Amino acid sequence: VLEYEFRRILDQHKVACKYCGRKFLPRTLKSHNYYFCGPNAKRTAKQAKTEKRNPRKMTKKALKKAMKTLRIGTNVPTPS
C-alpha cells in the first residue's frame, strides 16, 4: 500500500517526452533527451556499441523453444 501511494504521487510529477511520449521525472528527462531521444541526442561511446532491444521481435530459435515449452502446434499430449 505504501509503495502504491509513493508511485501514485511520483507519477503526478512525471513529464512526457515530446519525442517518444514516455514519462520521466524532470531531472531524468534531461538526461533522456541528451543521450537517447530527440534530434540532438548524442550517445556515449559505450552506448553507441549497444543495440536497442526490440521486445516484439522474437528470433526463430526463441519462438520455436517457446512453442515447444507451451506445447503449441505439437501433437504431444499434455501430462495429467
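To keep things clear, this report deals only with the structure shown in the data block. (Residues numbered from 1 in each chain as written. Predicted model: local features only at pLDDT ≥ 70, side-chain atom pairs only at ≥ 80, totals over all residues. Heavy atoms only, no water.)

**Overview of the overall build of the protein chain**
The condition that has to hold: The way it works is that DSSP assigns letters per residue, a run of H or I at least four long becomes a helix, a run of E at least two long becomes a strand, and they are numbered from the N terminus. Only protein chains enter the accessibility calculation, which uses a 1.4 Å probe; a residue whose area is less than 20% of its type maximum is buried, one above 50% is exposed, and one in between is partly exposed. In what follows, residue pairs with any heavy atoms lying within 4.5 Å of each other are defined as contacts.
Scanning the protein chain from terminus to terminus reveals four helices and two strands. Reading the secondary structure of the protein chain in the N-to-C direction produces α-β-β-α-α-α. Within the span of the protein chain, comprising 80 residues, buried residues form 8% of the whole. Of the contacts made within the protein chain by residues no fewer than 6 positions apart, 0% connect residues no fewer than 24 positions apart.

**Brief notes about the pattern of salt bridges**
Here is the rule: A side-chain nitrogen of Lys or Arg and a carboxyl oxygen of Asp or Glu constitute a salt bridge if their distance falls within 4 Å.
For the structure shown, the criterion picks out three salt bridges. For R7, the salt bridge goes to E3, with nearest N and O atoms at 2.8 Å. Residue R7 and its partner E3 are both found in helix 1 (residues 2–12); the two are separated by four residues, about one turn of the helix. Here K14 makes a salt bridge to D11, at a shortest N to O gap of 3.5 Å. On the accessibility criterion, D11 (43% relative accessible area) is partly exposed.

**Some remarks on helix 4 (residues 60–69)**
The buried fraction of helix 4 amounts to zero of the 10 residues, a small share that puts the element mostly on the outside. Phi turns positive one or two residues past the end of helix 4, at R71, with a value near 55 degrees.

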